Amino acid sequence: MTRYTGIIEHFRNRLPLAPDAKAISLGEGATPLIKLDKLVRAEGLEAELYVKFEGLNPTGSFKDRGMTMAVTQAVYEGSRAIICASTGNTSAAAAAYAARAGIVAFVLIPEGKIALGKLAQAIVHGAVVIQIRGNFDDGMRLVKEVAKTAPVTIVNSINPYRLQGQKTAAFEIVEALGRAPDFHCIPVGNAGNITAHWIGYSECAGIGTEACLHCQGDCAFLGVASTRKRPRMVGYQAAGSAPFLRGGPVANPETIATAIRIGDPQSWAPAWIVREESDGWFDELEDQEILATQRLLAEKEGVFCEPASAASLSGALRDLHSGKIPAGSTVVCTLTGNGLKDPDIILKDGLRGLVQVDAEQGVVERALLERLA
Ligand SMILES: *Cc1c(COP(=O)(O)O)cnc(C)c1O
């Protein structure tokens, strides 16, 4: 068995890199596809339900798949610095891959509203963290303006190499299931990832797609995993931050799911193409539903994802209950990020279940036996 060294080496023949481009990798990808039989039974549902746990990537989110590509290409082109706007996970990934490459990362983050773990990551990897008095959308606008003149490469998902890297998650799902699922449910912020998955599934099916910005609809079928079918793509947003449900930008997006607190999605047009081509839909969830699903998944299946990630499963469960996703379907939900990024969200509810006792054997034993009764 050869050592796994990340998506670029694993999927090299399906990625648009020059043969002599040296991969900047942290071993991203190859994340587990976890089947949720226990949760499905507890909910009284009938489905083959999986989560693709992208929180197990090196920096704890799917952004690593895109960042290994964007940074590899930036270094290949001779760039000495990268820049991004971020709600947290893009900056964490940019900081780590820039450190690995020995180049500078500038990250623009919104004031407050960033999960502490993500901020710590940007700092520990030595990124230049610029906190702006504004939200993600302001940061994105500034990055585009600054990059017009400054010698920096943008590594937000408007960089086409990002989506090319992220499409590999779809390859892995098709390889694991032996076919595409019936439905793929995914949280939507900028809508880069839903677009990337559609590109990936389409390539597996040997179909070019209008949504593929890089190849302009000329994706070659490159073998390995193949499937004739593509899934219906379902994108879930937080109700306070749901431009795809409102039909246009939202001025002041608000949600506890900070990773999808985005009012002006950068992949607006491609995401609508994905919805159309896949016969999918967009829907929205209240913050309380998202948090309840985050807890449910952690308690019932041992998987701890961040709030934004729980939106996909929360929506899938609701649509399975209503029959919008028919019984018996094979459903994959992307869990975009790791729960450890944002422990505050759990702990601010108090230390639920914590038992405080004297440091004596008898007292501790009694505490155990009471709870086993
Ligand atoms: C970036 C991110 C999203 C949103 O992905 P888009 O490609 O912007 O739609 C969702 N969840 C998490 C945890 C993220 O980091």
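Above this text sits the structure in question.
First things first, this report covers the structure right here in the doc. (Residues numbered from 1 in each chain as written. Predicted model: local features only at pLDDT ≥ 70, side-chain atom pairs only at ≥ 80, totals over all residues. Heavy atoms only, no water.)

1. Remarks on the site of the ligand
Applied cut-off: Here a residue counts as near a molecule or strand whenever at least one of its heavy atoms sits within 4 Å of it. Identification of polar contacts relies on pairs of N or O atoms within 3.5 Å, with a donor-acceptor requirement for protein atoms, meaning one able to donate a hydrogen and the other able to accept it, and with residues adjacent in sequence counted only if both atoms are side-chain atoms. In the cavity and pocket records, a cavity denotes points on a 1 Å grid over the protein atoms alone where a 1.4 Å probe fits but cannot get out, a pocket denotes an open set with protein on both sides within 12 Å along at least 5 of 7 lines, and lining residues are residues with an atom within 4 Å of a point. More than half of a molecule's atoms lying within 2 Å of a cavity's or pocket's grid points is what places that molecule inside it. Where helices and strands are cited, they refer to DSSP runs of H or I of at least four residues and of E of at least two residues respectively, numbered from the N terminus.
The environment of the ligand is formed by 16 residues, the closest being Lys63, Asn89, Asn190, Ala191 and Thr336. At 2.8 Å from an oxygen atom of the ligand is found a main-chain nitrogen or oxygen belonging to asparagine 193. Threonine 336 is positioned with one of its side-chain polar atoms (N or O) 2.7 Å from a nitrogen atom of the ligand. The pocket occupied by the ligand, as judged from atoms lying within 2 Å of grid points, is the largest cavity. Elements with a minimum of two residues in the shell around the ligand: helix H9 (192-204) and helix H13 (307-322).

2. Concerning unusual backbone geometry
Keep this limit in mind: Exposure categories follow from relative accessible area, calculated using a 1.4 Å probe and restricted to protein chains: below 20% of the type maximum is buried, above 50% is exposed, and the middle band is partly exposed.
At lysine 113, a position not held by glycine, the phi torsion is positive, near 50°. Position of lysine 113 relative to the elements: it lies in the loop between strand S4 (104-110) and helix H5 (116-124). Overall, lysine 113 belongs to the partly exposed group, its relative accessible area being 41%. Phi at aspartate 279 is positive, roughly 55°, even though this residue is not glycine.

3. Looking at the layout of surface pockets
Selection rule: Grid points are joined across faces, edges and corners, and a volume is the space filled by probe spheres set on the points. In this count, Pro and Cys sit with the nonpolar residues alongside Ala, Val, Leu, Ile, Met, Phe, Trp and Tyr, while Asp, Glu, Lys and Arg are called charged and the others, Gly among them, polar.
Reported here for the largest pocket is a volume of approximately 200 Å³. Taken together, 13 residues form the lining of the largest pocket, with Lys113, Ile256, Thr258, Asp342 and Ile345 sitting closest to its centre. When grouped by side-chain class, the residues that make up the lining of the largest pocket number 5 nonpolar, 2 polar and 6 charged.

4. Topic: the packing of aromatic side chains
To keep it simple, the criterion reads: Note on ring pairs: Phe, Tyr and Trp rings are taken, using the six-membered ring of Trp, and paired if centres are within 6.5 Å. Classes follow the plane angle, with under 30 degrees stacked, over 60 edge-to-face and the rest tilted.
According to the stated counting rule, one finds 7 aromatic pairs in the structure shown. One aromatic cluster in this structure is built from Phe244, Trp268, Trp272 and Phe282.

5. Things to note about the sheet that holds strand S9 (residues 281-285)
Rules: A pair of strands is labelled paired if DSSP reports no fewer than 2 bridges between them. Angles here are taken between N-to-C directions and fall from 0 to 180 degrees, while the axes themselves are lines fitted to C-alpha atoms, restricted in helices to the stretch in contact. Here a residue-residue contact requires only that any non-hydrogen atoms of the pair lie within 4.5 Å.
Spatially, S1-S2-S10-S7-S8-S9 is the arrangement adopted by the 6 strands of the open sheet, whose pairing is mixed. Looking along the sheet, the strands with just one partner apiece sit at the ends: strand S1 (33-35) and S9. This sheet shows a mean twist of 25° between the axes of neighbouring strands, independent of strand direction. Examined bridge by bridge, strand S2 (residues 48-53) and strand S10 (residues 330-335) share 6 bridges and lie parallel to one another. The residue of S10 that forms the bridge with glutamate 48 is threonine 330. The sheet strands contacting helix H8 (residues 168-177) are S1, S2, strand S7 (183-187) and S10, and the helix crosses S2 at an angle near 140°. Across the sheet, H9 lies against S7, strand S8 (232-238), S9 and S10, angled at about 170° from S8, the strand it touches most.

6. Topic: the packing of H8 against H9
Note the following rule: Roughly parallel covers angles under 35 degrees, roughly antiparallel covers those over 145, roughly perpendicular covers 65 to 115, and oblique covers all other angles. Take the far helix as your reference; a near helix turned counterclockwise from it by less than a right angle gives a left-handed crossing, and one turned clockwise gives a right-handed crossing.
Running from N to C, H8 and H9 point in directions that differ by 50°, and their axes come no closer than 7 Å. On the basis of the axis angle, H8 is oblique to H9. Our pair here, H8 against H9, has a crossing hand that is right-handed. For the pair formed by H8 and H9, the contact residues are Ala169, Ala170, Phe171, Ile173 and Val174 on the first element and His197, Gly200, Tyr201, Glu203 and Cys204 on the second. Here the residues of the contact of H8 with H9 are counted per class, giving 7 nonpolar, 2 polar and 1 charged.

7. Some words on the pattern of salt bridges
Keep this limit in mind: For this document, the term salt bridge refers to a Lys or Arg side-chain nitrogen within 4 Å of an Asp or Glu carboxyl oxygen.
With the rule as written, the count across this model stands at 19 salt bridges. Here arginine 318 ties to aspartate 283 by a salt bridge, and the two come within 3.2 Å at their closest N and O atoms. Of the two residues, arginine 318 sits in helix H13 while aspartate 283 sits in strand S9, which places them 35 residues apart along the sequence. Each member of the salt-bridge network shares a partner with another, and the members are Lys52, Glu54, Arg65 and Glu172.

8. Thoughts on helix H3 (residues 63-76)
In plain terms, the rule: Expected span, for any helix, means 1.5 Å times one less than how many residues it has.
Its 14 residues give H3 an end-to-end C-alpha distance of 20 Å, which sits within 8% of 20 Å, the value for a rise of 1.5 Å per residue. By the criterion of burial, H3 is predominantly enclosed, with 12 of the 14 residues buried. Those residues of H3 not exposed but buried are Lys63, Asp64, Arg65, Gly66, Met67, Thr68, Met69, Ala70, Val71, Thr72, Gln73 and Ala74. Where H3 terminates, the next one or two residues include glycine 78, which has phi positive at roughly 90°.

9. Concerning the nonpolar core
Using the following cut-off: Only buried Ala, Val, Leu, Ile, Met, Phe, Trp, Tyr and Cys residues count toward a nonpolar core, and they belong to the same one when joined by side-chain atoms within 4.5 Å.
If you look at the biggest cluster of nonpolar residues, it comprises 33 residues, and the most contacted ones within it are Leu49, Cys185, Tyr236, Leu313, Ile325, Val331 and Cys333. Those elements giving two or more residues to this core turn out to be helix H2 (37-42), S2, S7, S8, S9, helix H12 (287-301), H13 and S10. Top contributing element to this core by residue count: H13, with 7 residues.

10. Details of the sheet that holds strand S5 (residues 128-132)
Here we have 4 strands laid out as an open sheet, ordered S5-S4-S3-S6, and parallel in their pairing. Two strands lie at the open edges of the sheet, namely S5 and strand S6 (153-154), each paired on one side alone. Relative to S5, S4 runs parallel, the two being bridged by 5 bridges. Across the sheet, the residue bridging to isoleucine 109 is glutamine 131, located in S5. On top of the sheet, helix H6 (residues 136-147) reaches strand S3 (81-85), S4, S5 and S6; it is set at about 150° to S3, its chief contact.

11. Observations concerning the packing of H9 against helix H11 (residues 268-278)
Following both chains from N to C, one finds H9 and H11 inclined at 45°, their axes separated by 9 Å at the closest point. Classified by the interaxial angle, the pair formed by H9 and H11 is oblique. Both H9 and H11 take part in a crossing whose hand is left-handed. Two secondary-structure elements touch here, H9 through Ile194, Thr195 and Trp198 and H11 through Pro270, Ala271, Val274, Glu277 and Ser278.

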